[in-house]
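So the chains spell out like this:
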Amino acid sequence: MYHPPDLKRDRLVAGAVLTAALALVALPGPAGSRSPGGDLAIASERFQPVVLDAALAGVATSTLDPALRSASALEANSALPEPGAVSESSTRPTVDQPEAKAGATQLNPWRRDGNVSWYGPGFYGRRTACGYALTKTLVGVAHRTLPCGTKIVFRNPANGRVVTARVVDRGPYVSGRQWDMTPGLCKALGHCYTGTLYWKRG
């Protein structure tokens with residue numbers, strides 16, 4: 001391809017100018033630079049003396065907001081231990097405890113039952129569900145679920161009698177009743193009828 005001579009000359013001049021401009025940008029000039037080595041003299045007038053007020057000597061000051069400061073300050077002889085170096089005390093702190101009121105809680109209170117019955121006639125001589133022979137003198141009580149031999153204490157509020165008896169049979173099978181006394185128990189309590197008794201575990 002043919003190019004006029006003037007165009008080739010213009011391109012050469014432009015390339016030379018561009019190369020010179022890039023050299024000036026890439027290579028720093030001597031302005032502001034110093035050659036290494038040698039001791040430099042420091043002018044003393046460039047420094048100003050600092051005077052510490054004697055009233056503030058040994059006192060640390062802070063410009064933080066006073067509301068953000070801690071509740072206490074470190075003393076002059078305070079020591080900061082390494083984390084984990086302080087052993088916690090094994091003794092528990094003493095706390096004032098109110099005295100427990102005697103008799104405030106009853107673990108085995110009396111329970112009232114207004115529908116306690118008895119049985120016997122027509123069953124004498126038979127074996128109970130717990131293996132006892134039912135007689136007129138057997139002191140025991142029938143219950144649906146309590147294990148055989150469980151001791152139950154009964155109290156008759158009409159005369160104050162208190163008798164301890166064991167579960168010897170299953171029953172009663174009347175709705176609303178949970179105790180059925182044998183003849184010996186009802187005679188000991190003076191309660192050979194259906195009525196109110198108090199009971200608790202023996």
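Relevant structure appears above.
Bear in mind that the values here come from a model prediction, so they are computed numbers and not experimental data.

**Q** Looking at this structure, how should I read the state of the cysteines?
**A** Where two cysteines share a covalent bond between their sulfur atoms, that bond is called a disulfide. Under the counting rule described, the total for this entry stands at two disulfides. Here Cys 130 pairs with Cys 148 through a disulfide, and the sulfurs are 2.0 Å apart. Since a negative S-S torsion denotes a left-handed disulfide, the Cys 130-Cys 148 link at about -75 degrees is left-handed. With a gap of 18 residues between them, Cys 130 in the loop between strand 1 (111-118) and strand 2 (140-142) and Cys 148 in the loop between strand 2 and strand 3 (151-155) connect regions that are remote in the sequence.

**Q** How do you make sense of the sheet that holds strand 2 when you look at a structure like this?
**A** Note on sheets: strands pair through backbone hydrogen bonds, and any given pair is parallel or antiparallel. Taken in spatial order, the six strands close into a barrel running 1-5-2-4-3-6, and their pairing is mixed. Across four bridges, strand 3 lies against strand 6 (residues 195-201) in antiparallel orientation. Note that in strand 6 the partner of Ile 152 across the bridge is Arg 201.

**Q** Please explain the environment of Cys 186 as it appears in this structure.
**A** Mapping Cys 186 onto the fold places it in helix 2 (residues 183-189). Taking relative accessible area as the criterion, Cys 186 reaches 0% and is therefore assigned buried. With 67 residues separating them along the chain, Cys 186 and Tyr 119 place their C-alpha atoms 9.0 Å apart. Aside from chain neighbours lying at most four places away, what touches Cys 186 is Trp 118, Met 181, His 191 and Cys 192.

Definitions and cut-offs
- Residues numbered from 1 in each chain as written.
- Predicted model: local features only at pLDDT ≥ 70, side-chain atom pairs only at ≥ 80, totals over all residues.
- Heavy atoms only, no water.
- Disulfide = S-S within 2.5 Å.
- Helix = DSSP H or I, 4+ residues; strand = E, 2+ residues; numbered from the N terminus.
- Pairing = 2+ DSSP bridges.
- Buried < 20%, exposed > 50% of the residue type's maximum accessible area, 1.4 Å probe, protein only.
- Contact = heavy atoms within 4.5 Å.

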